[in-house]
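Geometric and topological summary
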Amino acid sequence: MEDRALDVYDVIRSIRDPEKPNTLEELEVVTEKCVELQELSEDECLIIIRFSPTVPHCSLATLIGLCIQVKLQRCLPFKHKLEIYLSEGTHSTEEDVNKQINDKERIAAAMENPNLREIVEQCVAEPDD
């Protein structure tokens, strides 16, 4: 499980911040400790990500969560369920953001918006892409 947690971290660490030219790892929005895995069955696990926005009123926290969601769905080769949360006490509207980040219908609707989709694609693109 620990190897898989590191694999998950390797996928999300290179996501670019929507506002800054830095990665989420460089800004310490994500760290190795923010990834938790729980075995659900022999061939499936639950991935829990807890990220910390750079400021408590970060208006892009839901967008960062969406980027994490999209990149993991695209890149992980193993069966998983995914839950993404703000680290406790790191955002002024933590509960609302957590609900939005984990709402499948909102995620699908967001990715249908061409402007949002373009921003997500820029954030999740690998530096070499």
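For the structure given in this document, a descriptive report is provided here. Within each chain, residues carry numbers counting from 1 in the order of the written sequence. The model is predicted, so local features are restricted to residues of pLDDT at least 70 and side-chain atom pairs to those at 80 or more, both for listing and for counting; the totals for chains, interfaces and linings are taken over all residues. Note that the side-chain values use all heavy atoms of the structure and ignore hydrogens as well as water.

**Comments concerning the overall build of the protein**
Heads up, the rule is: Note on conventions: DSSP H or I runs of at least 4 residues are helices, E runs of at least 2 residues are strands, and numbering of each starts at the N terminus. Radius of gyration means the value over C-alpha atoms here, while the globule rule gives 2.2 Å times the residue count to the 0.38 power. Per-residue and other accessible areas were derived by the Shrake-Rupley procedure at a 1.4 Å probe size, with only the shown protein chains allowed to occlude residues.
The number of helices and strands found in the protein is 5 helices and 3 strands. Of the regular secondary structure in the protein, the N- to C-terminal order runs α-β-β-α-β-α-α-α. Its C-alpha atoms give the protein a radius of gyration of 14 Å, near enough to 14 Å, the size a compact globule of 129 residues would have. For the protein, the C-alpha atoms occupy an extent of roughly 40 × 35 × 30 Å along the three principal directions. Summed over all atoms, the accessible surface of the protein reaches about 7700 Å², with 45% contributed by carbon and sulfur.

**Things to note about the sheet that holds strand β3 (residues 80-86)**
Heads up, the condition is: Between any two strands, pairing holds if DSSP finds at least two bridges. All axes are obtained by fitting lines to C-alpha atoms, using only the stretch in contact for helices, and the reported angles, taken between N-to-C directions, cover 0 to 180 degrees. Residues are treated as being in contact if the distance between any of their heavy atoms lies within 4.5 Å.
Spatially, 3 strands are ordered β1-β2-β3 in an open sheet, and the strand pairing comes out mixed. The two strands at the open ends of the sheet, each matched to only one other strand, are β1 (35-41) and β3. Adjacent strand axes in the sheet meet at a mean angle of 20° when their direction is disregarded. As defined by bridge partners, strand β2 (residues 44-51) adjoins β3 across 7 bridges and the pair is classed as parallel. Counted as the bridge partner of L46 is K81 from β3. Sheet contacts for helix α2 (residues 61-75): β2 and β3; angle to β3, the most-contacted strand, approximately 160°. Contacts from helix α3 (residues 94-101) reach β2 and β3 within the one sheet, and its direction differs from that of β3 by about 155°.

**Quick look at the packing of aromatic side chains**
Aromatic rings considered in pairs are described by the distance between their centres and by the relative angle of their planes. As a reminder, the rule being used: Aromatic rings from Phe, Tyr and Trp, taking only the six-membered ring of Trp, are treated as a pair when their centres fall within 6.5 Å; an angle between ring planes under 30 degrees marks them as stacked, one over 60 as edge-to-face, and anything in between as tilted. In this analysis the charged atom, NZ for Lys or CZ for Arg, is taken to sit over a ring once it is within 6 Å of the ring centre and within 35 degrees of the ring normal.
A full pass over the atoms with the stated rule returns 0 aromatic pairs. Over the aromatic face of F78 sits the side chain of R4, whose NZ or CZ is 4.1 Å from the ring centroid.

**Section: the pattern of salt bridges**
As a reminder of what qualifies: Counted as salt bridges are all cases of a side-chain nitrogen of Lys or Arg within 4 Å of a carboxyl oxygen of Asp or Glu. Relative accessibility decides the category of a residue: with a 1.4 Å probe and only protein chains considered, values under 20% of the type maximum give buried, values over 50% give exposed, and everything between is partly exposed.
Per the stated rule, a full pass over the model turns up 5 salt bridges. Between E126 and K71 there is a salt bridge; the shortest N-O distance is 2.3 Å. With E126 in the segment after α5 (114-124) and K71 in helix α2, this residue pair connects regions lying 55 residues apart in the sequence. Look at E126 and you get partly exposed, because its relative accessible area is 32%. Accessibility expressed as a relative area gives 2% for K71, which makes it buried. Salt-bridge contacts for R106 lead to D103; the nearest nitrogen and oxygen are separated by 3.9 Å. Of the residues examined, R106 reaches a relative accessible area of 44% and is grouped as partly exposed. D103 gets classed as partly exposed once you look at its relative accessible area, which sits at 28%. Linked through salt bridges whose partners overlap, the residues forming this network are D10, R13 and E25.

**Structural notes on the environment of E26**
On the secondary structure map, E26 appears in the loop between α1 (2-12) and β1. Each C-alpha atom, one on E26 and one on R13, is 8.2 Å from the other, the two residues being 13 residues apart in sequence.

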